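What the coordinates show
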Amino acid sequence: MRFLFLFSDTGGGHRASAQAVRNELSRLYGDAAQVEMVDFFKALGRWPFTHIPGWYPAMVGMHGVPWGVGYHLTDRKDLVKALSHLMWPYTAHPFRRVLYQNPADVIVSFHGVPNYALRMARNKYIQKTVPTMVVALDLVTVHAAWFAPGHDLYVVPTDEARERALACGIASEQVKVIGMPARRAFVVAKDLPQSEARTQLGLPLEEPMVLLVGGGEGMGPLKSVVCALAEKFPKAQLVVITGRNQALYEQLCQARLPVPLRVESFVSNMEVWMRAADILVTKAGPNTLAEAFIAGLPLVLYDAIPGQEDGNVSYAVDHGAGVWAPHPDQSAEAVMALLADSARRREMAACSRALARPDAAELIARDIWQLGLESWSTLGGDLSQYYGKDSTLFPFF
Ligand code: UDP
């Protein structure tokens, strides 16, 4: 069966989630599940969409103020609908090309932006019977664009996100609370002993370890937070992971700090780093939070992208798993307080673990497969009935 996953590298989370579900489909169904992952912004092939993944770190810059304003102004289902229709003459043909180049039994969106256009393109250019599904990737404050109507199934990570879907007009029987899909590596590593994780990473076994991350792009005032913490002379091993932010990586490697600091650029074994840590200092990215819940880590949240990540902060704080410390000095104070209070750390770690949904990626993969089976029972897997006989020969539009 063939599946098309739409995502974009706007941050690291959309790709991470889509990959987690793709890996589960392969694990469960082997070669019978063929997944094509498409960064739809790039695949549309038109200005300015192709540039958006590259522009994203700058777009959420300036403390996220312009982004937050844009988010709140557009966070209405009627406005999303109007904007999507306004853009349609410009996006329709590129969207059709993307769909025809990747014929699929089920189309799954791991991003909020394409969902309205996806529904329009599905209804106009392929058949309405091709199942489409949305996997929403924010914990609470999910933008209205995610919940464009007309898709077959909406998977959300929390009850709060479900309420949001219902408020956007989605029928309750189409919304399923499953969780944020995390890579299986996090599930496998969830009981990895801390000492073993540290041995693997070449870290000291005795001292507490504070892990500092800023999402896939190393975003927010991560450098200020690291410096503020180092100046407090914590008796702990500090590790900062800068993700794809190469400039930050180089700055931190060269920084003269009063305490030793281990600096890593993009890592592909985040689950091991998390199991090695005692405290995670992070921006409130939904994937990182979901992974930290599986690892059972107490959180110090130093930043949140306004709008979409605001609810992630309240979710972690209200459930006792995190502390909101939006100024670098506050973050440093919060870490120092937690280092001095192991009982509080244990309490927060238990709250964090209680929020974990380690089987989310598997359950989502099973739902996608189920939708695919239903589609096959109608058409017997003959995609040409959806896309036309020459579906794979559609290079030009
Ligand atoms: N990540 C990673 N290696 C790194 C930095 C980040 O694998 O060096 C992953 C992290 O584990 C998470 C994702 O990137 O899965 C970041 O997603 P999140 O939603 O937290 O933030 P975003 O980058 O989307 O803003």
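**Here we look at the side chain of N115**
Tracing the backbone shows N115 in helix α6 (residues 115-125). The class for N115 is buried, based on a relative accessible area of 0%. Apart from residues no more than four positions distant in its own chain, N115 is found in contact with S109, V134, A145, W146, A148 and H151.

**Quick look at the packing of aromatic side chains**
Overall, the coordinates contain 11 aromatic pairs when judged by the stated rule. Taking NZ or CZ as reference, R46 lies 5.0 Å from the ring centre of Y90, over its face.

**Topic: empty space enclosed by the protein**
Under the counting rule described, the total for this entry stands at 1 cavity of 30 Å³ or more. By volume, the largest cavity is sized at about 100 Å³. In this structure, the largest cavity is lined by L139, P157, T158, G179, M180, A290, F293, I294, Y315, L355, A356 and R357. If you tally residues by element for the lining of the largest cavity, the top one is helix α13 (residues 286-295), at 3 residues. Residue classes in the lining of the largest cavity are distributed as 9 nonpolar, 2 polar and 1 charged.

**A look at the environment of A277**
Within the secondary structure, A277 sits in the loop between α12 (270-276) and β10 (279-283). Excluding residues that lie within four positions of it along the chain, A277 makes contacts with Q194, M209, L211 and L297.

**As for the sheet that holds strand β3 (residues 106-109)**
Sheets are built from strands that pair by backbone hydrogen bonding, the pairs being arranged parallel or antiparallel. The sheet built from 6 strands is open, its strands ordered β2-β1-β3-β4-β5-β6 with parallel pairing. Each edge of the sheet is formed by a strand with only one pairing partner; in this case those strands are β2 (34-39) and β6 (175-177). Each strand of the sheet is rotated relative to its neighbour by a mean of 20°, with strand direction disregarded. Pairing of strand β1 (residues 2-7) with β3, which is carried by 4 bridges, proceeds in the parallel orientation. Bridge pairing in β3 links L6 to S109. Helix α1 (residues 13-29) contacts β1 and β2 of the sheet and is inclined by roughly 165° relative to β1.

**Overview of helix α16 (residues 342-354)**
With 13 residues, α16 extends 18 Å from end C-alpha to end C-alpha; this agrees with the ideal 18 Å at 1.5 Å per step. Inspection of α16 places R345, M348, A349 and S352 among the buried residues, and these make up the whole buried set. Viewed along the axis of α16, the buried residues span an arc of 105°, placing them on a single side of the element. Relative to its buried face, α16 has exposed residues pointing more than 90 degrees away, namely R346 and A354.

**A few points about the site of the ligand**
Around the ligand, 19 residues are found, and the nearest of them are G12, G13, V267, T288 and E291. Between the ligand and P286, the relevant distance is 3.5 Å, taken from an oxygen atom to a main-chain nitrogen or oxygen of the residue. Here an oxygen atom of the ligand sits 2.5 Å away from a polar atom, N or O, in the side chain of E291. Isolated, the ligand exposes 540 Å² of accessible area, and the fraction of that covered by the protein chains is 95%. Among the elements of the structure, α1 and α13 are those that each provide at least two residues to the shell around the ligand. Here the residues of the shell around the ligand are counted per class, giving 7 nonpolar, 10 polar and 2 charged.

**What about the confidence of the model for the protein?**
On average, the protein scores 93 in pLDDT, and the residues at 70 or more come to 97%. Low confidence marks residues 389-397, where pLDDT is under 50. Its contacts with residues over four positions away, or in another chain, come to 14 contacts.

**Brief notes about the nonpolar core**
Core analysis: the biggest nonpolar cluster contains 110 residues, and F3, F5, L25, I107, F147, L211 and I368 have the highest contact counts within it. When residues no more than four places from it in sequence are discounted, the contact partners of L25 are F3, F5, G30, A33, V35, A365, I368 and W369. Ranked by size, the runner-up nonpolar core spans 26 residues in total, among them L212, V240, V281 and L339.

**Thoughts on the sheet that holds β10**
Read across the open sheet, the 6 strands follow the order β9-β8-β7-β10-β11-β12; overall the sheet is parallel. Across the chains shown, the open sheet's two edge strands, defined by having one partner strand only, are β9 (261-264) and β12 (322-324). Each strand of the sheet is rotated relative to its neighbour by a mean of 20°, with strand direction disregarded. Where strand β8 (residues 237-241) lies against β9, 4 bridges are found, and the strand directions are parallel. Each bridged residue has a counterpart across the sheet, and for L238 the counterpart in β9 is L261. Against the sheet, helix α14 (residues 310-318) engages β11 (299-303) and β12, with an angle of about 130° to β12.

**So, the pairing of β10**
Counted residue by residue, β10 has 5 buried out of 5 residues, so it is predominantly covered. Where strand β7 (residues 209-213) lies against β10, 4 bridges are found, and the strand directions are parallel. Counterpart to L212 in the pairing with β10 is V281. A crossover connection joins β10 to the parallel β11 through α13; in handedness this β-α-β unit is right-handed.

How each quantity is defined
Residues numbered from 1 in each chain as written. Predicted model: local features only at pLDDT ≥ 70, side-chain atom pairs only at ≥ 80, totals over all residues. Heavy atoms only, no water. Helix = DSSP H or I, 4+ residues; strand = E, 2+ residues; numbered from the N terminus. Buried < 20%, exposed > 50% of the residue type's maximum accessible area, 1.4 Å probe, protein only. Contact = heavy atoms within 4.5 Å. Phe/Tyr/Trp six-rings, centres within 6.5 Å; stacked < 30°, edge-to-face > 60°. Lys NZ or Arg CZ within 6 Å of the ring centre and 35° of its normal. 1 Å grid on protein atoms, 1.4 Å probe; cavity = no way out; pocket = protein on both sides within 12 Å on 5 of 7 lines; lining within 4 Å. Points joined across faces, edges and corners; volume = space filled by probe spheres on them. Nonpolar A, V, L, I, M, F, W, Y, C, P; charged D, E, K, R; others polar. Pairing = 2+ DSSP bridges. Axes fitted to C-alpha atoms, helices over the stretch in contact; angles between N-to-C directions. Expected span 1.5 Å × (residues − 1). Arc of directions from axis to C-beta. Near = heavy atom within 4 Å. Polar contact = N/O pair within 3.5 Å; in protein donor to acceptor, adjacent residues only side chain to side chain. Areas by Shrake-Rupley, 256 points an atom, 1.4 Å probe, with all protein chains shown as cover. pLDDT = per-residue confidence, 0-100. Core = buried A, V, L, I, M, F, W, Y, C linked by side-chain atoms within 4.5 Å. Right-handed = clockwise from strand over helix to strand, strands pointing away.

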